[in-house]
Amino acid sequence: MALFPLQQTMVLNPLIPKPTMLLSVIIPYYNIEDKLLIRCVNSVLNAGMNEEDYEIILVDDGSERPPVQTEEYFIDNRQIRWSPMLHRGLGAARNHGTKQARGEYILYLDADDYLYAGTFLPVWEETVRSHCDIMRFGYRFCTSIEEEHPKQPATPTFSQPVDGNTYMQTHHLPGMACVYLFRKTLRTDVGLNFSEKGFIEDEAFTTILHYRARSVVESNTFVYAYYKRAGSITQNRSFDRQAQLSYGLFRAINDVYDFRRVLYADQLPTQGIDRKLNALTVDLIRRILTNDYWELEWIKYERLLQPLHLLPLKGCDYTFKYRMFSRLSNHSWGRSLLRTLLTLGIH
């Protein structure tokens, strides 16, 4: 029997009482500015959903500077539940919030990000209508404290549902957990949690989550505003922080590889997982090549990735860009060329 059995899709029948709560929006925060957290929470409250259908869980990850203004601003709002914890990092905070969640579906929202006005409701209504296990939507990076309004497709469209393994075979899968609505039982039935060991906590989680899904639907609507805040974890360019991020990514690769071994032992298909492993390896190589000490880092990770059969990078026919990257990265002169291109901002 598989360690991670596939989840049967629950169909809501009019004769069966529907869950008391449809959606839990989980927002962890740590020493966040009040104006950012208020913007984030308001974007959910103003999304247009029925009040009885959703809840917002604000997880305080042991902040040294509690968001007092935010607490006062939303003190009488019954949609919001506050859940404090000792400081243990983003992965632990998301796990903590999920344990409190009552909704059938989960949406994670980082406290400095927000939902674009007028975009979430159609995506949410289609999620409920289709009963899909995972709904993926679009995102945009933003740098302004003021809310932005990106150009949207003329007509919102939704793909036909496919199982997660098939979806991963043909799509690039963003590791960010915040760009998906997903059925809570996909993770709770098998105890799937975010890594609490460091950074890059999303990648293994979202990969395994998708594999377990029987129905994945994709929307062309840009719903999520990803705020690139100076001083945030991913924007810190110090050598130590970049080294931590690289090792966090390798740890995610290792976790996905271990999951693949379970699938292989149970004679289950792995094509989608294989593509994701190769994509994660590309991400790690790109991170290594933009490091000031990239040659030493290459030697280190080459030794770690070769036993996993991920280096040399496989010449799979995913995309033209992947084919070219794999050919170049497998030669020392090619890696030097890739480093030059990456440092020039050519991706």
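What counts, and at which threshold
Residues numbered from 1 in each chain as written. Predicted model: local features only at pLDDT ≥ 70, side-chain atom pairs only at ≥ 80, totals over all residues. Heavy atoms only, no water. Axes fitted to C-alpha atoms, helices over the stretch in contact; angles between N-to-C directions. Helix = DSSP H or I, 4+ residues; strand = E, 2+ residues; numbered from the N terminus. Parallel < 35°, antiparallel > 145°, perpendicular 65-115°, else oblique. Left-handed = near helix turned anticlockwise from the far one by under 90°. Contact = heavy atoms within 4.5 Å. pLDDT = per-residue confidence, 0-100. Core = buried A, V, L, I, M, F, W, Y, C linked by side-chain atoms within 4.5 Å. Buried < 20%, exposed > 50% of the residue type's maximum accessible area, 1.4 Å probe, protein only.

1. As for the packing of helix H8 (residues 239-265) against helix H9 (residues 271-289)
Between H8 and H9, the least distance of the axes is 10 Å, while the angle of their chain directions is 165°. By the angle class used here, H8 and H9 are roughly antiparallel. Crossing of H8 over H9 shows left-handed handedness. Note on element contacts: H9 touches H8 through Ile273, Asp274, Leu277, Leu280, Thr281, Asp283, Leu284 and Arg287, opposite Gln242, Leu245, Ser246, Leu249, Phe250, Ile253, Val256, Tyr257, Phe259, Arg260 and Leu263.

2. A few points about the confidence of the model for the chain
Mean pLDDT over the chain stands at 91; residues scoring 70 or higher make up 92%. Long-range and interchain partners of residues 1-18, a stretch whose pLDDT sits below 50, account for 36 contacts in this model, where long-range means more than four residues apart.

3. Some remarks on the nonpolar core
With 98 residues, the main nonpolar core has Leu23, Ile27, Ile56, Tyr108, Phe120 and Leu181 as its most contacted residues. Residue contacts for tyrosine 108: discarding those within four places in its chain leaves Ile26, Arg94, Thr98, Ala177, Cys178, Phe182, Arg187, Phe194, Phe205 and Tyr224.

4. Section: the packing of H8 against helix H10 (residues 294-305)
A pair of packed helices is characterised by two quantities: the angle between their axes and the separation of those axes. Two elements in contact, H8 and H10, have axes whose closest approach is 12 Å; the angle formed by their N-to-C orientations is 10°. By the angle between their directions, the pair H8 and H10 is classed as roughly parallel. Residues Ala243, Ser246, Tyr247, Phe250 and Ile253 of H8 form the contact with H10, whose own contacting residues are Tyr301, Leu304 and Leu305.

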